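# Descriptive structure summary
This is what each chain is made of:
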Amino acid sequence: MKVAFLGDIVGRPGRNFVMEKIHELRVQHSLDFIVVNGENAAGGAGINSRIATALRNSGVDGITLGDHLWDERGFEREIDSLDWLCRPANLPESNPGLNSLLLEKGDLKLGVVTVLGRQFMRVHPSCPFETARQYAESLKSRGAQAILVEIHAEATSEKIALGWYLDGIASLVVGTHTHVPTADNRVLPRGTAYLTDAGMCGPYESVLGRDIQPVLGRFLDGMPRRFTVATGDVAIRGCVVDIDENNGISRSIDLVHLKQSVSPDGP
Ligand SMILES: [Fe+2]
Ligand SMILES: [Fe+2]
């Protein structure tokens, strides 16, 4: 089973480039499933039903979310109609939406669960370790041959610790939220593919996807500014994992880095 996971989609530049390249990516890597984090897809913060559906129609199999999940007004009334999109599992039960996905394609079944970290985050969810383990086990009992666990978190230590905790249980543990891709992709001793952060699908000539000057200005003088989505150096970042569907063990994890080509005259 070949699975691609792509990091946080940021704004229109990110989502347009993902939708443009998704078919090419699937063919190039013979992908069975493509899962993306969409928490910043709408204007850089949140997502809505229209954007989520457009991503799905372009070829995305599953969408995950993070701490920005409720930033688009009214999404709490839309989320229950989207059965290929899940919210972080360790939020209070009163939050609407699915807390895991069981994606199916032919004979293949991929379980997907996202947990929020608790270090340096503005939300305070329940234990990501216990939640991820419980959902991994319940998805396996529902027939999932492979389990993708996403840890949406700030602290590298928390993400790495979850990787070790789930080694041999999950097929992939991959981090998101920082928007900065790491290069520590490896298969852990018991067969779990691991990557601390997938990075983002969006503009890299930026500060985490936002225009440089407003963010820099805020750091310099502390005055409030609108953080607009940047447009330059758009790239898709993520990973591709090759999983043995007979035992859920990963054979390899490779980084994905697709850059938007820019004409000599400008973007
Ligand atoms: Fe994000
Ligand atoms: Fe986030």
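The structure under discussion appears in the preceding block.
Let us look at the structure shown here. (Residues numbered from 1 in each chain as written. Chains lettered and ligands numbered in written order. Predicted model: local features only at pLDDT ≥ 70, side-chain atom pairs only at ≥ 80, totals over all residues.)

Along the backbone of the protein chain there are 6 helices and 14 strands. For 267 residues, the compact-globule formula gives about 18 Å, and the C-alpha radius of gyration of the protein chain, at 17 Å, lands near that figure. If one aligns the C-alpha atoms of the protein chain with their principal axes, the spans along those axes are about 50 × 40 × 35 Å. By residue count, 48% of the 267 residues in the protein chain fall in the buried class. (Helix = DSSP H or I, 4+ residues; strand = E, 2+ residues; numbered from the N terminus. Rg over C-alpha atoms; globule rule 2.2 N^0.38 Å. Buried ≥ 20, exposed ≤ 12 C-beta atoms within 10 Å, placed from the backbone.)

Turning our eyes to something else, we now look at the sheet that holds strand 7 (residues 108–116). Sheet strands pair by backbone hydrogen bonding; their relative direction is either parallel or antiparallel. Reading across from one edge, 6-7-8-9-11-10 is the order of the 6 strands in this open sheet, with mixed pairing throughout. The sheet is open, and its two borders are formed by strand 6 (101–105) and strand 10 (186–187), each paired with just one other strand. Examined bridge by bridge, strand 10 and strand 11 (residues 193–195) share 2 bridges and lie antiparallel to one another. For Arg-186, the partnering residue across the bridge sits in strand 11 and is Tyr-194. Most of the contacts of helix 5 (residues 156–165) go to strand 9 (residues 172–176), to which it runs at about 170°, and overall it touches strand 8 (146–152), strand 9 and strand 11. (Pairing = 2+ DSSP bridges. Contact = placed C-beta atoms within 7 Å. Axes fitted to C-alpha atoms, helices over the stretch in contact; angles between N-to-C directions.)

For the rest of this paragraph, the subject is the pairing of strand 6. Strand direction decides the pairing type here: strand 6 and strand 7, joined by 5 bridges, are antiparallel. Paired with Glu-104 across the bridge in strand 7 is Lys-109. Connecting the antiparallel pair strand 6 and strand 7 is a turn made up of 2 residues, with Gly-106 showing a positive phi of about 60°.

Further remarks concern the nonpolar core. Judged by nonpolar contacts, the single largest core of 71 residues is most densely connected at Val-3, Phe-5, Leu-148, Val-149 and Leu-172. Counting residues per element, this core draws most heavily on strand 13 (residues 234–244), which supplies 7 residues. Apart from the residues lying within four places of it in its own chain, the contact partners of Val-149 are Val-113, Ala-132, Ala-136, Leu-166, Ala-170, Leu-172 and Val-173. (Core = buried A, V, L, I, M, F, W, Y, C linked by C-beta atoms within 7 Å.)

The next thing to look at is the packing of helix 1 (residues 11–29) against helix 2 (residues 49–58). Where helix 1 meets helix 2, the axes come as close as 9 Å, and the angle between the chain directions of the two elements is 20°. The orientation of helix 1 with respect to helix 2, classified from their angle, is roughly parallel. As for how helix 1 packs across helix 2, the hand of that crossing is left-handed. When helix 1 is examined against helix 2, the residues Arg-15, Val-18, Met-19 and Ile-22 are found in contact with a partner set consisting of Ile-51, Ala-54, Leu-55 and Ser-58. (Parallel < 35°, antiparallel > 145°, perpendicular 65-115°, else oblique. Left-handed = near helix turned anticlockwise from the far one by under 90°.)

An α-helix turns once per 3.6 residues; consequently, residues spaced three or four apart project the same way. Little of helix 6 (residues 212–221) is tucked away, with 0 of its 10 residues classed as buried. The positive-phi residue at the C-terminal boundary of helix 6 is Gly-222, with phi of around 75°.

A few words on the pairing of strand 3 (residues 33–37). The buried fraction of strand 3 is high, at 5 of 5 residues. Along strand 3, one buried face is formed by Phe-33, Val-35 and Asn-37 and the opposite face, lined by Ile-34 and Val-36, is buried too. Sheet topology places strand 1 (residues 2–6) next to strand 3; 4 bridges connect them, and they run parallel. Counted as the bridge partner of Leu-6 is Val-36 from strand 3. Looking at chain direction, strand 3 and strand 4 (residues 62–64) are connected through 3 bridges and run parallel. Bridge pairing in strand 4 places Val-35 opposite Gly-62. In terms of handedness, the path from strand 3 via helix 2 over to strand 4 forms a crossover that is right-handed. (Right-handed = clockwise from strand over helix to strand, strands pointing away.)

For the rest of this paragraph, the subject is unusual backbone geometry. Despite not being glycine, Leu-208 has its phi angle at roughly 55°, a positive value. When you line up the elements, Leu-208 lands in the loop between strand 12 (200–203) and helix 6. Since 19 C-beta atoms lie within 10 Å of it, Leu-208 is described here as partly exposed.

This paragraph deals with the environment of Asp-83. Note on placement: Asp-83 falls in the loop between helix 3 (75–78) and strand 5 (85–86). The exposure class of Asp-83 is exposed, given the 9 C-beta atoms found within 10 Å.

Attention now goes to helix 2. Burial in helix 2 covers these residues: Ile-51, Ala-52 and Leu-55. For helix 2, the angular spread of the buried residues around the axis is 100°, confining them to a single face. Facing away from the buried side of helix 2 by over 90 degrees, the exposed positions are Arg-50 and Asn-57. At its buried positions, helix 2 is contacted by helix 1, strand 3, strand 4 and strand 5. (Arc of directions from axis to C-beta.)

Before going further, it helps to examine the environment of His-152. Its place among the elements puts His-152 in strand 8. The exposure class of His-152 is buried, given the 30 C-beta atoms found within 10 Å. With 36 residues separating them in the primary sequence, His-152 and Leu-116 have C-alpha atoms 4.8 Å apart. In contact with His-152, not counting residues within four places along its chain, are Gly-66, Asp-67, Pro-88, Thr-114, Leu-116, Gly-117, Thr-176 and His-177.

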